[in-house]
Amino acid sequence: MRSRGDAGDFKMTPAQRNVFLGLVLGMLVSSISQTIVGPAMPRIVAELGGMAHYSWIATAAMLASAVVVPIVGKLSDMYGRRGFYIAGLVVFMIGSILSGFANSFWFLVGARAVQGLGMGVLQPLSQTIIGDIIPARHRGKYQGIMGAVFGVTSVLGPLAGGWITDNMNWRWLFFLPVPVGLIALYFVFRFLHIPHTASQNSFDLWGALSLVPALVVILLATTWGGTSYAWGSPTIIGMYIAGAVLIGLFVWAEFKAPNPLLPLRLFSQNIFTMSVLASFMLSVAMFGAVIYIPVFAQVVLGSSATNSGIILMPLSVALIITSIIVGLLITRTGRYKGFMIGGLAVVLIGYLGLTRLTAESSKLALSGLLVVIGLGIGMSLQVFTLVVQNNAKRSEMGIATSAVQFFRNLGATVGTAILGTVMSSSLQGNIMSHLPAAAQAKIAASGASIDAGSALDTSKVAKLPEIMLTAVRDGMADSMHSVFWTAVPFIVLAIVLTLFIRNKPLRTTIYDTDEQEAALRAKEIAAAESEAAGEYAVAHPGRGGAESSDDAEHAGSATASGGSAWSAADD
């Protein structure tokens, strides 16, 4: 029996490699569909209308994805991953095709919601299936590759989106991922066959019926707060109250359910709770970089808006390289906590550096800090998933992995809303503070105002008088300092939470214990012996006895050593 500290001699079978390729392709089309649409948004709303509801093209997919993540995680634990992953790919491709053929704004919003449902299946299950087929000790390098896919799409998505929109048509943004999705579907359908015994417990319907509307209401309130409605408006306050009531009903339902959608006892586990909360905190800060650093580059440093997709390239390249290297190091050494803490500390250093940038700073200085932040994110982001999976029972691998993805999505939504409010609420005052008293009095007398929308319109800002242009850039720099300082406490909290994560050795088996692994192998060998004996008897009806038994044993041993889980029945 292998020791816990030994890396073992795990090696992927050809079928496992093919499945992993299918998972990478599925993650690729899912992730790039979130970033590729951004540059085409003005063209889309110009053709289809809906300028007043512009953000819904992105919000629809985000909401649908966030809602489905915990539900599909639980269902996959109960009934197996294969069918749900295949369904997720099909739904995603249907949503993509419908989006490409959209002839009205709200039809496109609905089609994007369908896409979001598929994304909400593909992203968590890609990570979960890796947990099903690869022992935790060897999983780091493969999850590092998944993290690299995220980095690649964050770079290529906006660049490809802009090029396709300018040189082809925005509809091809939705059609082009479909062939890649079909290739992923082939690999998963052909090679993914993990034995699974369906749960006899009933699905927690009351939990789902309370959780889904709670998530929708809370996420919508967070998205609309400070933009469509004031944070203190009756609409936003009422939505948060309704969300809190629904969350209360969900918690009550989970205590009563024999098979809860999200077992609340998971939150009594140090590793699970600290990891998902730290993931949430890191996502709040990370999306501060992804969303608002291009604003700093365009308005404060005067970068071209057409090159906005390139601004984050240093961060993404650093993230890609570091994710792969750290994954390999975790596999080799079995150590992971130091990478998590070190990575978060590096992110903190990068954000502290951002707070020092001014309108006189160079683009090279910004690029250097983005490299620092990318290195830190690459060292830590994917490792939280590995830690949670290493601690989870196999029967709860889906919901545990989905919880990490859900809290990451929630952090992105909350971070975008909070940091956006900080920027917009402080911007006018900061700009006015950089104007001479006479100019301030003149603007006040005219009743004019300078909001975030006008400051972000770089074509108009560039035409301002020099004194006003300088004030806008300096004022935006001050507001962005507030944004970056607001992100800093979230990073500090992520570091503190990670320090309290209990250090548990990475498992060298796929299952919960070596004993369970051995028991499963024994069952597989017995099943293979029985099957081989039956086939031999049919082919050689006149032979039997000891010779047949020996042949069956040989067949069973060969099956066990060759990875019988990959030739067994479907989920």
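Quick caveat: nothing in here was measured; it's all calculated off a predicted structure.

Brief notes about the overall build of the chain
- Within the chain, the regular secondary structure consists of 22 helices and zero strands.
- A sequence separation of at least 24 residues applies to 83% of the contacts in the chain between residues at least 6 apart.
- For the chain, the accessible area works out to roughly 23900 Å², and carbon and sulfur atoms hold 67% of it.

Here's the deal with a nonpolar patch on the surface
- Side chains of V90, I94, L98 and F107 sit close together on the surface and give an oily, nonpolar patch of about 300 Å² of accessible area.
- Element by element, the count of residues in the nonpolar patch is highest for helix α4 (residues 82-100), at three residues.
- Structurally, the position occupied by I94 is in helix α4.
- A residue is classified by how much of its surface remains accessible, and I94, at 43% relative accessible area, is partly exposed.

Remarks on the packing of aromatic side chains
- On inspection of all chains with the given rule, the structure shows 15 aromatic pairs.
- Measuring from ring centre to ring centre gives 5.3 Å for F20 and Y142, while their planes differ by 75°; the resulting arrangement is edge-to-face. Residue F20 is located in helix α1 (residues 14-35), and its partner Y142 is located in helix α6 (residues 136-167); the two are separated by 122 residues in the primary sequence. In terms of burial, F20 and Y142 fall into one category: buried.
- Taken together, a centroid distance of 6.2 Å and an interplanar angle of 25° make the contact between F187 and F191 stacked. You can see F187 and its partner F191 sitting in helix α8 (residues 177-191), four residues apart, about one turn around the helix.

Comments concerning the side chain of R139
- The residue R139 is located in helix α6 in this model.
- Comment: no salt bridge for buried R139; closest opposite-charge side chain is D132, at 7.6 Å.
- At 2.8 Å, the side chain of R139 and the backbone oxygen of I134 are in polar contact.
- Discounting chain neighbours no more than four positions away, the residues touching R139 are I130, G131, I134, T331, L386, Q389 and N390.

Examining the pattern of salt bridges
- In total, this model carries five salt bridges according to the counting rule given.
- Note that R171 and E47 form a salt bridge whose closest N and O atoms lie 3.2 Å from each other. In this pair, R171 sits in the loop between α6 and α7 (172-175) while E47 sits in helix α2 (residues 41-48), placing the two residues 124 residues apart along the sequence.
- For R265, the salt bridge goes to E396, with nearest N and O atoms at 2.1 Å. One end of the pair, R265, is in the loop between α10 (234-256) and α11 (270-300); the other, E396, is in the loop between α15 (363-391) and α16 (397-433), with 131 residues separating them in the sequence.

With respect to the nonpolar core
- Of all hydrophobic cores here, the largest spans 119 residues; its most connected members are Y351, L354 and M480.
- A per-element tally of this core places α11 first, with 18 residues.
- What M480 contacts, discounting residues up to four positions off in sequence, is Y292, V295, F296 and M423.
- Counting 35 residues, the second-largest nonpolar core is a separate cluster that includes F20, Y85, I86 and L125.

Comments concerning α6
- Counted at 1.5 Å a residue, the expected span for α6 with its 32 residues is 46 Å, and the 45 Å between its end C-alpha atoms agrees.
- At L156, α6 shows its maximal kink, close to 30°; a proline, P158, follows between one and four residues later.

What to know about the environment of V300
- Structurally, V300 can be placed in helix α11.
- Judged by its relative accessible area of 2%, V300 falls in the buried class.
- The spacing of V300 and R473 is 173 residues in sequence and 4.6 Å in space, taken between C-alpha atoms.

Concerning helix α5 (residues 105-133)
- In this model, α5 (29 residues) spans 42 Å end to end at C-alpha, consistent with the 42 Å of a helix rising 1.5 Å per residue.
- For α5, the principal kink sits at L125 and spans about 30°.
- In terms of burial, α5 is largely enclosed, as 23 of its 29 residues are buried.

A look at the environment of L369
- Within the secondary structure, L369 is located in helix α15.
- Taking the C-alpha atoms as reference points, L369 and G350, separated by 19 residues in sequence, lie 5.3 Å from one another.
- Every residue in contact with L369, bar those within four places of it in the chain, is listed here: G350, G353, L354 and L357.

Quick look at the packing of helix α9 (residues 205-224) against α10
- Remark: α9 packs on α10, axes separated minimally by 8 Å, with the N-to-C direction vectors making an angle of 155°. Taken together, the axes of α9 and α10 are roughly antiparallel relative to one another. Crossing of α9 against α10: the hand is left-handed. Facing W206, G207, S210, L211, P213, A214, V217, I218, L220, A221, T222 and W224 of α9, the residues of α10 in contact are I236, M239, Y240, A242, G243, L246, I247, L249, F250, A253 and E254.
- When its residues are assigned to classes, the contact of α9 with α10 shows 18 nonpolar, four polar and one charged.

Focus on the confidence of the model for the chain
- With 81% of its residues at a pLDDT of 70 or more, the chain has an overall mean of 80.
- Contacts for the low-pLDDT stretch residues 1-5, under 50 throughout, to residues beyond four places or in other chains number 16 contacts.

Details of the side chain of S275
- Mapping S275 onto the fold places it in helix α11.
- Overall, the relative accessible area of 0% leaves S275 in the buried class.
- Sequence-distant contacts of S275, defined by excluding residues within four places in its chain, comprise F384, V387, V388 and I501.

Reading the values: the criteria
Residues numbered from 1 in each chain as written. Predicted model: local features only at pLDDT ≥ 70, side-chain atom pairs only at ≥ 80, totals over all residues. Heavy atoms only, no water. Helix = DSSP H or I, 4+ residues; strand = E, 2+ residues; numbered from the N terminus. Contact = heavy atoms within 4.5 Å. Areas by Shrake-Rupley, 256 points an atom, 1.4 Å probe, with all protein chains shown as cover. Patch = residues over 30% accessible without salt bridge, like charges linked within 9 Å, V, L, I, M, F, W, Y side chains within 5 Å. Salt bridge = Lys/Arg side-chain N within 4 Å of Asp/Glu carboxyl O. Buried < 20%, exposed > 50% of the residue type's maximum accessible area, 1.4 Å probe, protein only. Phe/Tyr/Trp six-rings, centres within 6.5 Å; stacked < 30°, edge-to-face > 60°. Lys, Arg positive; Asp, Glu negative; His and termini not counted. Polar contact = N/O pair within 3.5 Å; in protein donor to acceptor, adjacent residues only side chain to side chain. Core = buried A, V, L, I, M, F, W, Y, C linked by side-chain atoms within 4.5 Å. Expected span 1.5 Å × (residues − 1). Bend = angle between axes of the 7 residues up to and from the residue. Axes fitted to C-alpha atoms, helices over the stretch in contact; angles between N-to-C directions. Parallel < 35°, antiparallel > 145°, perpendicular 65-115°, else oblique. Left-handed = near helix turned anticlockwise from the far one by under 90°. Nonpolar A, V, L, I, M, F, W, Y, C, P; charged D, E, K, R; others polar. pLDDT = per-residue confidence, 0-100.

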